[in-house]
Amino acid sequence: MKLIVGLGNPGSAYQRTRHNAGFMALDRVAARHAPAGIPRAKFNGSILECSIAGERCILLKPLAFMNRSGTPVAETLNFYKLSPASDLLVLVDEYALPLGKIRIRASGSAGGHNGLADVERALGTRDYPRLRIGIDPPPPAYADPADWVLGLFTPDEERTLSPGLDRAADAVETFASRGIVAAMNAFNPDP
C-alpha cells in the first residue's frame, strides 16, 4: 500500500492558487484511478482509496492549512502502518522550479516550504519522498513569497502548468508500481 499526499489549502478561496499545485496534481491522479470515487473525511483530511498498477493506494488531501499538514499525514501513515521512506509520496508546489517542471527526491530538506516543514516535524524525519511541482519564482514586485504562492494562477499559467500536472500523475503511477528510484530516473531528466 502507498500513501500519496497532495499538499494545499482547503476552501474555494485557495482552489486555483499556486500553493495548491499539490492538490491539483492529486486531483489528476484521482481522475485517472478513482473517477467515481467518493472521498471520505478522516484524519483531518479527505481520503480516497484506489488501485494504481495493482497497488492499493490512499490519496490524501490534508484539510488543515498548509503549515499544519503534518499531523494528518502522520496519523494516516500510523493508522495504515506505512513507512515514510518507502510508502509515502508528498506532492507539493515549488517556486524555485519553472512553471510545470517537476522534481522528485527520496528525501531532503523542507527548503523553506512550510507544508514540508510540518510534515517533517510530525514524522520526525526528512526521509520521505517528495515530488515538487514548479510554480515559477516570485517576480521582483513580490517582497513576500507568501503573496506569490497564495496568488491565483492566470489562465495562461494554468495552460502551461497542465502538462506538468499530467507528468506528476505519471510519476505517481511509476512510484506506486516501481518505487521512488524508478520515478526519479524516469521523471527528473528534462523531457
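Anyway, here's the lowdown on the structure attached to this text. The residue numbering used here restarts from 1 in each chain and proceeds along that chain's sequence as written. Since the coordinates come from a predicted model, pLDDT governs what is reported: local features require at least 70, and pairs of side-chain atoms require 80 or more to be given and counted, while whole-chain, interface and lining totals use all residues. Water and hydrogen atoms were dropped before computing side-chain values, which therefore reflect all heavy atoms in the structure.

Some details on the overall build of the protein chain
Basically, it comes down to this: The secondary structure listing takes helices from DSSP runs of H or I that are at least 4 residues long and strands from runs of E that are at least 2 residues long, numbered from the N terminus. As defined in this context, the radius of gyration uses C-alpha atoms, and a globule is described by 2.2 Å times the residue total to the power 0.38. Any two residues having at least one pair of non-hydrogen atoms within 4.5 Å are treated as being in contact. Accessibility throughout is a Shrake-Rupley quantity obtained with a 1.4 Å probe, and a residue counts as covered only by protein chains that appear here. Neither His nor the chain ends contribute to the count of charged residues, in which Lys and Arg are positive and Asp and Glu negative. For this purpose, a charge sits on NZ of Lys, CZ of Arg, CG of Asp or CD of Glu.
A count of helices and strands for the protein chain gives seven helices and seven strands. Overall, the protein chain shows an N-to-C arrangement of helices and strands of β-α-β-β-β-α-α-β-β-α-β-α-α-α. Since a compact globule built from 191 residues should have a radius of gyration of about 16 Å, the 15 Å found for the protein chain is in line with a globular shape. C-alpha extents for the protein chain along the principal axes are approximately 45 × 35 × 35 Å. At a minimum sequence separation of 6, the contacts of the protein chain that also span at least 24 residues come to 69%. Surface accessibility of the protein chain: about 8500 Å² in total, with carbon and sulfur atoms responsible for 53%. Separation between the mean location of the 21 positive side-chain charges and that of the 20 negative ones in the protein chain comes to 4 Å.

What to know about the packing of helix α2 (residues 70-80) against helix α4 (residues 114-123)
In a packed pair of helices, the relevant descriptors are the angle between the two axes and the axis-to-axis distance. Rule in force here: To get an axis, a line is fitted to the C-alpha atoms, and for a helix only the part in contact is used. The angle between two axes follows their N-to-C directions and goes from 0 to 180 degrees. For classification purposes, an angle smaller than 35 degrees is called roughly parallel, one larger than 145 roughly antiparallel, one from 65 to 115 roughly perpendicular, and anything else oblique. Helix crossings get a hand from a simple test, with the near helix turned counterclockwise from the far one by less than a right angle marking a left-handed crossing and a clockwise turn marking a right-handed one. The classification used treats Ala, Val, Leu, Ile, Met, Phe, Trp, Tyr, Cys and Pro as nonpolar, Asp, Glu, Lys and Arg as charged, and all other residues, Gly among them, as polar.
It is at 7 Å that the axes of α2 and α4 come closest, and there the two elements cross at 45 degrees. Accordingly, the angle class assigned to the pair α2 and α4 is oblique. Considering the relative orientation of α2 and α4, their crossing is right-handed. The residues of α4 that touch α2, namely those facing G70, T71, V73, A74 and L77, are D118, V119, R121, A122 and L123. The residue makeup of the contact of α2 with α4, split by class, is six nonpolar, two polar and two charged.

Some thoughts on the nonpolar core
The criterion, for reference: We call a set of buried Ala, Val, Leu, Ile, Met, Phe, Trp, Tyr and Cys residues a nonpolar core when their side-chain atoms join them within 4.5 Å. Any residue under 20% of the maximum accessible area for its type is buried, any over 50% is exposed, and the rest in between are partly exposed; the area is computed with a 1.4 Å probe on protein chains only.
The biggest cluster of nonpolar side chains holds 36 residues, and the ones touching the most others in it are I4, L59, L89, L91, I104, L131 and I133. What L89 contacts, discounting residues up to four positions off in sequence, is L3, I4, V5, P129, R130, L131, V172, F175 and I180.

Some points on the environment of E158
Relative to the elements of secondary structure, E158 occurs in helix α6 (residues 155-178). Judged by relative accessible area, E158 falls into the partly exposed class, the value being 28%. Sequence separation between E158 and I180 is 22 residues; the distance between their C-alpha atoms is 27 Å.

A few points about the side chain of T76
Looking at the secondary structure, you find T76 in helix α2. If we ignore the near neighbours within four places in the chain, the residues touching T76 are L3, F43, I47, I58 and L60.

Some points on the sheet that holds strand β7 (residues 130-134)
Note the threshold: Between any two strands, at least two bridges found by DSSP are needed for them to pair.
Strand order in the open sheet formed by seven strands is β2-β3-β4-β1-β5-β7-β6, and the pairing between neighbours is mixed. Edge strands, defined here as strands with exactly one partner in the open sheet, are β2 (40-42) and β6 (102-105). Neighbouring strand axes in the sheet, compared pairwise and without regard to direction, differ in orientation by 25 degrees on average. Summarising the sheet, strand β5 (residues 88-94) and β7 pair through five bridges and their orientation is parallel. Bridge pairing in β7 places E94 opposite G134. Sitting on the sheet, α6 is in contact with β1 (2-6), β3 (45-52), β4 (55-62), β5, β6 and β7, with an inclination near 170 degrees to β7.

Some words on the state of the cysteines
Basically, it comes down to this: Whenever a pair of cysteine sulfur atoms sits within 2.5 Å, that pair is classed as a disulfide.
Tallied over the entire structure, the rule returns zero disulfides. Just so you know, C50 is unpaired, no disulfide at all, and the nearest cysteine sulfur is the one on C57, 5.2 Å from it. C50 gets classed as buried once you look at its relative accessible area, which sits at 10%.

A closer look at unusual backbone geometry
At A53, a residue that is not glycine, the phi angle is positive and equals roughly 55 degrees. Here A53 lies in the loop between β3 and β4. Of note in this structure, K81 is not a glycine but carries a positive phi near 55 degrees. Positionally, K81 belongs in the loop between α2 and α3 (84-87). A residue is classified by how much of its surface remains accessible, and K81, at 73% relative accessible area, is exposed.

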